[in-house]
Amino acid sequence: MLIGRVLQGVGGVYRVYVDGAELECSLRGRIKQGEGSIAVGDRVEIERQEDGSCRIEQVLPREGQLSRRSFAKRREQVLAANVDQLAAVVALARPEPDLFLLDRLLAVAELNHLDAFIVLNKVDLEAEAAVGAGERGTDLPDLLRPYAEAGYEIVRTSVKSGTGIDSLRERLHDRITVFAGASGVGKSSLLNALVPDLGLRVGTVGARSGRGRHTTTAGQLIPLGDGSFLADTPGVQNFEPAALEPGELSCVFREFRPFLDHCRFADCRHRDEPGCAVREAVAQGGLSERRHESYLALLESAERAARPWDRQGPG
Ligand SMILES: Nc1nc2c(ncn2[C@@H]2O[C@H](COP(=O)(O)OP(=O)(O)O)[C@@H](O)[C@H]2O)c(=O)[nH]1
Ligand SMILES: [Mg+2]
Ligand SMILES: [Zn+2]
């Protein structure tokens, strides 16, 4: 009997990582029937069959998972099992930072009880970023300050110059990490830099993000060989924030937590209630106004999803 980790599953065939090698395995019928009970990242027991083929006999208990909840279907889709942390990737420039997406990704991490950190990639594009910052009126390090203050570590990288790749590798050590971020920020490039013989396809810049732009279609786990695994799970970007329960949201914004007990109402949604400690902190500059706006936008979509009769209605 062998124990391994599921790297990928396509059409009933599973690639399983065992002691530095990969085995192709089938799945025992009884596991197959319990739909969704095996995912990328699962630890499994494998038995070699008489004909030499390998079969997954059992899925070992999970320590956490990254899942996407769908409100409409009232079910959970497991994107990857045993994930430890999420790396939210943004680019200094090209594309312009999508901070609402960053807030959503960090929310996903919090909801799934994953550690999270930010990778600021393309730091070689400083000159270009300065132009964008001029047009915007703020530069990205300023925009990222609230995240650092909330306790999110920021690792600066450039695939082009090699800056920060070693620190990033250290940050990944012995853990399963999900890379997430907008199309074009350099996720595939970073994975290629971390695993030199990987050869993931790198996309072109400028193309509109959206369906069909993802060069990786099915989720997979990439072993770094030192006990670290990178999870390439395209579904994270399309995470549906509407699947959140409205009441869950305020805890998900980490830096709001110290204020939550001080709101006048226990069920305060930090929008227009009197005596709201969160809004008070925003007004006094102790909390970021932009993060609060993201919170309100997520709250609205969560409330809309909780009212099925106007889910189709205009925003
Ligand atoms: N200047 C610069 N370009 C980068 C860097 N990392 C990635 N790119 C480029 O950004 C584009 C998108 O990269 P890709 O890895 O496909 O992004 P993904 O969509 O997040 O997987 C490609 O043209 C890369 O060559 C970097 O650190 N600096
Ligand atoms: Mg990619
Ligand atoms: Zn409040």
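Residues numbered from 1 in each chain as written. Chains lettered and ligands numbered in written order. Predicted model: local features only at pLDDT ≥ 70, side-chain atom pairs only at ≥ 80, totals over all residues. Heavy atoms only, no water.

## Re the coordination of the zinc ion (ligand 3)
Ideal geometry at a metal centre: 109.5 degrees between donors when four sit tetrahedrally, and 90 or 180 degrees when six sit octahedrally. Bound to the zinc ion (ligand 3) on the protein side are Cys263 (SG), Cys268 (SG), His270 (ND1) and Cys276 (SG), at distances that span 2.1 to 2.4 Å. In this structure, the zinc ion (ligand 3) is surrounded by 4 donor atoms whose angles at the metal cover 103 to 117 degrees, and the resulting shape is tetrahedral. Taken in chain order, the donor set of the zinc ion (ligand 3) reads C-x4-C-x1-H-x5-C. Highlighted residues: Cys263 in the loop between α8 (257-260) and α9 (277-283) and Cys276 in the loop between α8 and α9, separated in sequence by 13 residues. One exposure class covers both Cys263 and Cys276, and it is buried. (Donors = N, O, S within 2.8 Å, 3.2 Å for Na, K, Ca; no water. Tetrahedral: all angles 85-135°; square planar, octahedral: opposite > 155°, others 65-115°. Helix = DSSP H or I, 4+ residues; strand = E, 2+ residues; numbered from the N terminus. Buried < 20%, exposed > 50% of the residue type's maximum accessible area, 1.4 Å probe, protein only.)

## Thoughts on helix α2 (residues 99-111)
Spanning 13 residues, α2 covers 18 Å between terminal C-alpha atoms, matching the ideal 18 Å at 1.5 Å per step. Buried residues dominate α2, accounting for 12 of its 13 residues. Along α2, the residues that are buried comprise Leu99, Leu101, Leu102, Asp103, Arg104, Leu105, Leu106, Ala107, Val108, Ala109, Glu110 and Leu111. Just past α2, the residue His113 takes up positive phi, approximately 55 degrees. (Expected span 1.5 Å × (residues − 1).)

## Here's the deal with the confidence of the model for the chain
For the chain, per-residue confidence averages 85 on the pLDDT scale, and 84% of positions sit at 70 or higher. Ranking the helices and strands of the chain by mean pLDDT puts α9 first, with 98, and helix α1 (residues 29-33) last, with 71. Low pLDDT, under 50, characterises residues 204-217; the stretch is placed with 15 contacts to residues that sit more than four places away or in other chains. (pLDDT = per-residue confidence, 0-100. Contact = heavy atoms within 4.5 Å.)

## Quick word on empty space enclosed by the protein
Once rolled over the atoms, a probe with the size of a water molecule shows which space is left empty. The final tally for this structure, using the stated rule, is 1 cavity of 30 Å³ or more. Around the largest cavity, the lining comprises 13 residues; the ones closest to its centre are Val89, Val90, Asp98, Ala182 and Val185. When grouped by side-chain class, the residues that make up the lining of the largest cavity number 10 nonpolar, 1 polar and 2 charged. (1 Å grid on protein atoms, 1.4 Å probe; cavity = no way out; pocket = protein on both sides within 12 Å on 5 of 7 lines; lining within 4 Å. Points joined across faces, edges and corners; volume = space filled by probe spheres on them. Nonpolar A, V, L, I, M, F, W, Y, C, P; charged D, E, K, R; others polar.)

## Observations concerning helix α10 (residues 289-306)
Structural remark: α-helix, 3.6 residues per turn; residues separated by three or four positions point the same way. Given a rise of 1.5 Å per residue, 18 residues ought to cover 26 Å, and the 25 Å separating the end C-alpha atoms of α10 matches this to within 8%. Along α10, the residues that are buried comprise Arg291, His292, Ser294, Tyr295, Leu298, Leu299, Ser301, Ala302, Glu303 and Ala305. In this structure, the buried side of α10 is in contact with α2, α4 (140-149), α7 (249-252) and α9. One side-chain oxygen at the N-terminal end of α10 lies 3.2 Å from the backbone nitrogen of Arg290; it belongs to Ser288. (Polar contact = N/O pair within 3.5 Å; in protein donor to acceptor, adjacent residues only side chain to side chain.)

## Here we look at the side chain of Ser288
Within the secondary structure, Ser288 sits in the loop between α9 and α10. Within polar-contact distance, the side chain of Ser288 engages the backbone nitrogen of Arg290 at 3.2 Å. Here Ser288 is in contact with Pro146 and Val282, once residues within four sequence places are set aside.

## Some details on the pattern of salt bridges
Scanning the entire structure with this criterion turns up 17 salt bridges. In this structure, Glu128 and Arg94 form a salt bridge, with 2.8 Å as the shortest nitrogen-oxygen distance. Of this pair, Glu128 sits in helix α3 (residues 126-136) while Arg94 sits in the loop between β8 (85-91) and α2, and the two are 34 residues apart along the sequence. Overall, the relative accessible area of 40% leaves Arg94 in the partly exposed class. Its salt-bridge partner being Glu255, residue Arg291 comes within 2.7 Å of it at the nearest N-O pair. Residue Arg291 is found in helix α10, and its partner Glu255 is found in the loop between α7 and α8; the two are separated by 36 residues along the sequence. (Salt bridge = Lys/Arg side-chain N within 4 Å of Asp/Glu carboxyl O.)

## A few points about the sheet that holds strand β5 (residues 54-59)
With mixed pairing, the 5 strands of this closed barrel are ordered in space as β1-β2-β3-β5-β4. For this sheet, the mean inter-axis angle between neighbouring strands, taken without regard to orientation, is 55 degrees. Taken together, the 4 bridges between strand β1 (residues 2-10) and strand β4 (residues 43-48) define a ladder with antiparallel strand orientation. Note on β4: the bridge partner recorded for Ile3 is Glu45. (Pairing = 2+ DSSP bridges. Axes fitted to C-alpha atoms, helices over the stretch in contact; angles between N-to-C directions.)

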